[in-house]
Amino acid sequence: MDKHAAIGVFDSGLGGISVLNEIRGLLPSESLIYIADSAHVPYGEKSPEFIVQRSIAITEFLLAQPVKAIVVACNTATAAAVTELRQRWPELLIVGMEPAVKPAVLASVSGKIGVLATTGTLRSARFAALLERFASDVDVITQPCPGLVELIEAGQLDSAVTRNLLNSYVEPLLQAGCDTLILGCTHYPLLKPLLQTLVPNGVQLIDTGKAVARRLQSELGKQGLLVDTQLPVDRFYGSGDVYKTEQTLALLWPTEQSVRALGF
Ligand code: DGL
C-alpha cells in the first residue's frame, strides 16, 4: 500500500463533508477523494440491499484511484454495508461510523437521550445492538428526520422551511426531558448553527465526526500509512447534478472545488 495514496470518503450526498472537515483539520497533508452519491440521496429511505450495492460500486471506484483507506462517512451506509465491505476487502482499512450512544450516555444528567438519525439507521440491527450494549440504563427516544437531508443537499442550511422541519423533530425530544441529542446522521452537524438556536443552552449536541477522524489517524499510524509533508490534492465526485452539488459544496468546504461526474 502506497502511503502517498489518497483517503477515500463517501456518503449519500454532502453530509460526509462534516466528517471530511474534521479529517482535513487533523490530517492537513493527506489527499482526500470525496464521493457524494447524490443521485441516490437519501440513503435513509432506501433498502439495505440497495445501499450495499452502491457502497460496493463506490469502494471499487475509490480503490481504482487508488486510495489507502476508506471512510464510510454515513451512519446509514455503515449500518447497511460496512460488514459486507469488510468481508470483501479484509486487508483494507475501512472506518465506519455510528450514532454516538456511548458518549451521550456518559454526558446525560437527566438520563434521557434523543437520537436524530435516518429511518434506515434507526431500523438497523447495528443500532439495536448499540442501544443494547450502552443504553440499557437510560431512556432513549429515537427520532427519524425525513426531508431534512434533501433540504441540506439543496443548500438550505438556515431557511424557514429547514428551521420549521428541524424544530418539529427536536421539540418533542426537549419536551420529553432529553438533555443530550445525538446527531446520528452526518448531514445533521451541518445544521448545528441552526440547531443551537432551537435548543436551550444546557442541551448537548453530540456527533462523531471528530472521533472518526481520530480513529482514522490512529489506524493509519499503526499501519505506517500517514504522510506529514505532502501538499494535498483533493478531488470531489458526484453521481447527481454536479452543478448543484458544487453550489452546496461551496457553502460547506473552505476552498472552491469543481465536482466531477462519477459516471455510474
Ligand atoms: N448522511 C447519511 C447518514 O449519516 C445519510 C443520509 C441519507 O442519505 O439519508 O446517515
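A short tour of the structure in this document, coming up. (Residues numbered from 1 in each chain as written. Predicted model: local features only at pLDDT ≥ 70, side-chain atom pairs only at ≥ 80, totals over all residues. Heavy atoms only, no water.)

Next up on the list: the state of the cysteines. One pass over the full model with this rule turns up 0 disulfides. Here C178 stays unpaired: no disulfide links it, and the sulfur of C145, its closest cysteine neighbor, is 12 Å away. (Disulfide = S-S within 2.5 Å.)

To continue, consider the packing of aromatic side chains. All told, the structure shown has 4 aromatic pairs when counted by the stated rule. Ring centres 5.0 Å apart and planes at 80° place the aromatic pair F61 and Y237 in the edge-to-face group. Of this pair, F61 sits in helix α2 (residues 48-63) while Y237 sits in strand β9 (residues 235-238), and the two are 176 residues apart along the sequence. Ring centres of F236 and W253 lie 5.7 Å apart, and the angle between their planes is 65°; this geometry places the pair in the edge-to-face category. Taken together, the positions of F236 in strand β9 and W253 in the loop between α11 (242-252) and β10 (259-261) put the pair 17 residues apart, joining distant regions of the chain. Of the residues examined, F236 reaches a relative accessible area of 3% and is grouped as buried. Connected via pairs of aromatic rings, a cluster forms that spans Y34, F236 and W253. (Phe/Tyr/Trp six-rings, centres within 6.5 Å; stacked < 30°, edge-to-face > 60°. Helix = DSSP H or I, 4+ residues; strand = E, 2+ residues; numbered from the N terminus. Buried < 20%, exposed > 50% of the residue type's maximum accessible area, 1.4 Å probe, protein only.)

This part takes up the nonpolar core. In terms of nonpolar packing, the biggest core is built from 52 residues, with I17, I23, V71 and L216 touching the most fellow members. Among the elements that line this core, the one with the most residues is helix α8 (residues 160-175), at 5 residues. Counting 24 residues, the second-largest nonpolar core is a separate cluster that includes F10, I58, A81 and V82. (Core = buried A, V, L, I, M, F, W, Y, C linked by side-chain atoms within 4.5 Å.)

Next up on the list: the site of the ligand. In the region of the ligand, 14 residues are neighbours, and S12, Y43, G44, N75 and T76 sit closest. One nitrogen or oxygen atom from the side chain of D11 is found 3.0 Å from a nitrogen atom belonging to the ligand. The contact in question runs from an oxygen atom of the ligand to an N or O atom on the backbone of G44, over 2.8 Å. In isolation the ligand exposes 300 Å². Once the protein is present, 99% of that is buried. (Near = heavy atom within 4 Å. Polar contact = N/O pair within 3.5 Å; in protein donor to acceptor, adjacent residues only side chain to side chain. Areas by Shrake-Rupley, 256 points an atom, 1.4 Å probe, with all protein chains shown as cover.)

Applying the stated criterion to the full structure yields 9 salt bridges. Of the charged contacts in the structure, one is a salt bridge between E30 and K68, with a shortest N-O distance of 2.6 Å. Linking E30 in the loop between α1 (17-26) and β2 (32-36) with K68 in strand β3 (residues 67-72), this pair joins segments that are 38 residues apart in sequence. The pair E30 / K68 is uniform in exposure class, with both members buried. Across the pair R215 and E219 runs a salt bridge, and its minimum N-O distance is 3.7 Å. Of this pair, R215 and E219 both sit in helix α10 (residues 209-222), 4 residues apart, which is roughly one turn of the helix. By sharing partners, the salt bridges in this structure join R215, E219 and K222 into a single network. (Salt bridge = Lys/Arg side-chain N within 4 Å of Asp/Glu carboxyl O.)

Another aspect to go through is the sheet that holds β3. Spatially, 6 strands are ordered β4-β3-β1-β2-β9-β10 in an open sheet, and the strand pairing comes out parallel. Edge positions in the sheet fall to β4 (93-95) and β10, since each of these pairs with one other strand and no more. When strand polarity is set aside, the average angle formed by the axes of neighbouring strands in this sheet is 25°. Of the strand pairs in this sheet, strand β1 (residues 6-11) and β3 are connected by 5 bridges, and their pairing is parallel. Bridged to A6 within β3 is V67. Where α2 meets the sheet, it contacts β1, β2, β3 and β9, and its direction lies at approximately 160° from that of β1. Docked against the sheet, α10 engages β1, β3 and β4, running at close to 165° with respect to β4. (Pairing = 2+ DSSP bridges. Axes fitted to C-alpha atoms, helices over the stretch in contact; angles between N-to-C directions. Contact = heavy atoms within 4.5 Å.)

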